[in-house]
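# Structural characterization, general
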Amino acid sequence: MKRSINRPNSATQSSHTAKTISGKSLCILNEQRENMNITLVLLFMAPLALSADKDYFSADSAGSPETKSRFAMLDDVRILANGLLQLGHGLKDFVHKTKGQMNDILQKLYIFDRSFYELSLQTSEIKEEEEQLRQTTARLQINNEEIKNLSQEMNLKIEDLIQNKIQLQEKVWGLEDKVTKLAIIQPLMQETKEISSLKAFVEQQDNDIKQLLKIVEDQHVQLDRQRNQIMELEDKLNQIELQELTENSFTEEQPEPETIPFPVLKATAGRYRSDGAAPDCTALYHSGERFSGVYTIKPNGSEAFDVYCEMKFGTSWTVIQKRVDGSLDFNQTWDAYTKGFGDLNEEFWLGLNKTYSITKQGDYILRIELQDWKGNKRHIEYLFSLGGPDTNYTLQLSRISGSIPNALPEQTELQFSTADHDMDTKHDSNCPQNFLGGWWHSECEETNLNGKYVTPRSRARLDRRKGLYWKPKKGRYYFLKSTKIMIHPTDLKSFD
């Protein structure tokens, strides 16, 4: 409700600002009109003054014995022409200045109109939301009133039953006393009638109690039926989810063995620095490093920075992307994707600038490692080239090996895009904004390993399509639990 109160204040303030700008504009226009009127008066008075001077000099020359020379008249004409020329230049400067001020005023009015229009749209949306909230609140109030009335009726009936029970107990106790007396004294006709009436009253109360118990049992049966229906729906959803997860998981084939000849530290093993200026992780491996972790490298022509080096396959790979549990939001800006973000020991994106500074040293292999929610692991490797900032970090791929179908277009220039820097000109919609996360997009629904991290427990189908998945062009979705993107030079001798 606070938003709906503050928005009209913003609209009032914008209206006040518009009035102020309009008032200033009118003042400037009035001032310009007055200056122009003064200029026109001067223009009209200048010839009169000159003609008066001319008459004065002609009178003096008439009184003098000598006539004015023709050259003197030419000098007067020249002076008059210079004066008019200067006056014209001044008028021209004044006109240009006036045009500039008018353009500024029109620009400010345009900006205000646009802001006022956007504010009116926001105000209308807020009013619609308030109306929906008001209707929902009214319905809830009505439901609460109905429930409250039913509860009061039930309480009244229960109280009546309790009172009737107390009365019945008192009457039963009285009957017991009378029965005891009847065993000794013969009952009168009046007492017999009283007993029969009390018996009928007790039977009626028993019937009322039975009806209430039946109503309560029916309500319990309905509640049990609804609870069973809800449980059945949940079971169906779980079965559908498990079926989708099974269908969209990697096959049960064993992944290719990855031999690690040297022990690998965990992500929290610590940070390592080399003494030399290594250009990448592979060069660090050849210099004697044998443990996975964070190191400092310095590519040729670049400043030093930290990277995560993963020692495997008898060499070392430079990791440029890692996702494990969704603890890091990858829906970042263009500036964040160029500089990098995250923790190198957990989830992170190294940064386009840093990756480009490494790959411009030579030819590199791009390796993508994937793991689904059943623990199956797959990978794919590409020969690739990465452009610089002037090309929006254009990526070109060519598959060389892998244990999963390809899901990225080959031999195609793909420009990197984010929600605030969309370079996908093939589609009208903003792919990074609709499917979250920066990526080299070619189609809006293709593979995006920087998308939103969604777990299989999610019930939202739209969110699941925005999740982390691998989608071949003519295949099904493979929902992923973790991803890792690494690079390695193709020429191992280039850094010896």
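Everything below is about the structure printed above this text.
Below, the structure is looked at part by part. Quick caveat, the model's predicted, so the values are computed rather than measured.

Conventions we followed
Residues numbered from 1 in each chain as written. Predicted model: local features only at pLDDT ≥ 70, side-chain atom pairs only at ≥ 80, totals over all residues. Heavy atoms only, no water. Helix = DSSP H or I, 4+ residues; strand = E, 2+ residues; numbered from the N terminus. Contact = heavy atoms within 4.5 Å. Buried < 20%, exposed > 50% of the residue type's maximum accessible area, 1.4 Å probe, protein only. Polar contact = N/O pair within 3.5 Å; in protein donor to acceptor, adjacent residues only side chain to side chain. Patch = residues over 30% accessible without salt bridge, like charges linked within 9 Å, V, L, I, M, F, W, Y side chains within 5 Å. Areas by Shrake-Rupley, 256 points an atom, 1.4 Å probe, with all protein chains shown as cover. Salt bridge = Lys/Arg side-chain N within 4 Å of Asp/Glu carboxyl O. Phe/Tyr/Trp six-rings, centres within 6.5 Å; stacked < 30°, edge-to-face > 60°. Lys NZ or Arg CZ within 6 Å of the ring centre and 35° of its normal. Disulfide = S-S within 2.5 Å. Pairing = 2+ DSSP bridges.

What follows is about the overall build of the protein chain. The helix and strand inventory of the protein chain stands at eight helices and 12 strands. For the protein chain, the proportion of contacts with a sequence separation of at least 24, taken over those separated by at least 6, is 58%.

Along the chain, Asn450 falls in the loop between strand E10 (439-440) and helix H8 (461-465). By relative accessible area, which is 0% here, Asn450 ends up buried. A distance of 2.9 Å separates the side chain of Asn450 from the backbone oxygen of Gly438, its partner in a polar contact. Excluding residues that lie within four positions of it along the chain, Asn450 makes contacts with Gln321, Arg323, Phe330, Tyr337, Trp349, Leu436, Gly437, Gly438, Trp439 and Leu468.

All right, on to a nonpolar patch on the surface then. On the surface, Met154, Ile158, Ile162, Ile166 and Val216 cluster together into a nonpolar patch covering about 390 Å² of accessible area. The greatest single-element share of the nonpolar patch, amounting to four residues, is contributed by helix H2 (residues 70-182). Mapped onto the fold, Met154 is located in helix H2.

Turning next to the pattern of salt bridges. A side chain with one charge may pair with a side chain of the opposite charge, provided their charged atoms come close. In this structure the tally under the stated criterion is nine salt bridges. Glu369 is the partner of Lys312 in a salt bridge, and the nearest nitrogen-oxygen pair spans 2.8 Å. Of this pair, Lys312 sits in strand E2 (residues 305-312) while Glu369 sits in strand E6 (residues 364-372), and the two are 57 residues apart along the sequence. Taken as a pair, Lys312 and Glu369 share a single burial class, namely buried. Among the salt bridges present, the one from Asp335 reaches Lys339, with a minimum N-O distance of 3.4 Å.

To continue, consider the environment of Asp75. Locating Asp75 in the fold gives a position in helix H2. Given a relative accessible area of 38%, Asp75 falls into the partly exposed group. Within the structure, the side chain of Asp75 is placed 2.9 Å from the side chain of Arg78, a separation counted as a polar contact.

What follows covers the packing of aromatic side chains. Evaluated as defined, the whole model comprises 13 aromatic pairs. Aromatic side chains Phe313 and Trp317 sit 6.4 Å apart centroid to centroid with 80° between the ring planes, which places their arrangement in the edge-to-face category. The buried category is assigned to Trp317, whose relative accessible area is 6%. Taking 5.4 Å as the distance between ring centres and 70° as the angle between the ring planes, the aromatic pair formed by Tyr337 and Trp349 counts as edge-to-face. Within this pair, whereas Tyr337 is found in helix H5 (residues 334-339), its partner Trp349 is found in strand E5 (residues 348-349), the two being separated by 12 residues in sequence. The pair formed by Tyr337 and Trp349 is uniform in burial state, with each residue classed as buried. Every member of this aromatic cluster is reached through a ring pair, and the members are Phe330, Trp334, Tyr337, Phe341, Trp349, Tyr393, Phe416, Trp439 and Trp440. Stacked on the ring of Tyr285, the Lys or Arg Arg290 has its end atom at 3.9 Å from the ring centre.

Applying the stated criterion across every chain yields a total of one disulfide. Put simply, Cys281 and Cys309 are joined by a disulfide, and their sulfur atoms are 1.9 Å apart. Disulfide Cys281-Cys309: torsion about the S-S bond near -75°, hence left-handed. With a gap of 28 residues between them, Cys281 in helix H4 (residues 281-286) and Cys309 in strand E2 connect regions that are remote in the sequence. This pair shows no difference in class: Cys281 is buried, exactly as Cys309 is.

Within strand E12 (residues 478-489), 11 of the 12 residues are buried, leaving the element largely enclosed by the surrounding structure. Summarising the sheet, strand E3 (residues 315-323) and E12 pair through five bridges and their orientation is antiparallel. By the bridge assignment for E12, Arg323 is matched with Thr483. Where E6 lies against E12, nine bridges are found, and the strand directions are antiparallel.

Next up on the list: the environment of Asn392. If you trace the backbone, Asn392 turns up in the loop between strand E7 (377-386) and strand E8 (395-402). Sequence separation of Asn392 and Leu352 is 40 residues, and the distance between their C-alpha atoms is 9.5 Å.

On to unusual backbone geometry. In this structure, Phe313 takes a positive phi of about 60° despite not being glycine. You can call Phe313 partly exposed: its relative accessible area is 31%. Positive phi outside glycine occurs at Gln411, with the angle close to 50°. Mapped onto the secondary structure, Gln411 falls in the loop between E8 and strand E9 (416-417).

Turning our attention to the pairing of E3. Along a regular strand, successive side chains alternate from one face of the sheet to the other. Burial within E3 is extensive, with nine of its nine residues counted as buried. As paired elements, E2 and E3 share five bridges and run antiparallel to each other. Bridged to Lys312 within E3 is Thr315. With antiparallel pairing between neighbouring strands as the criterion, E2 and E3 make up a hairpin whose turn holds two residues, including Phe313 at a positive phi of roughly 60°.

The next subject is the side chain of Gln321. Structurally, Gln321 can be placed in strand E3. A distance of 3.1 Å separates a polar side-chain atom of Gln321 from the backbone oxygen of Leu449. Side chain to side chain, Gln321 and Thr483 meet in a polar contact 3.1 Å long. Among residues more than four places away in sequence, those in contact with Gln321 are Phe330, Phe348, Trp349, Leu449, Asn450, Thr483, Lys484 and Ile485.

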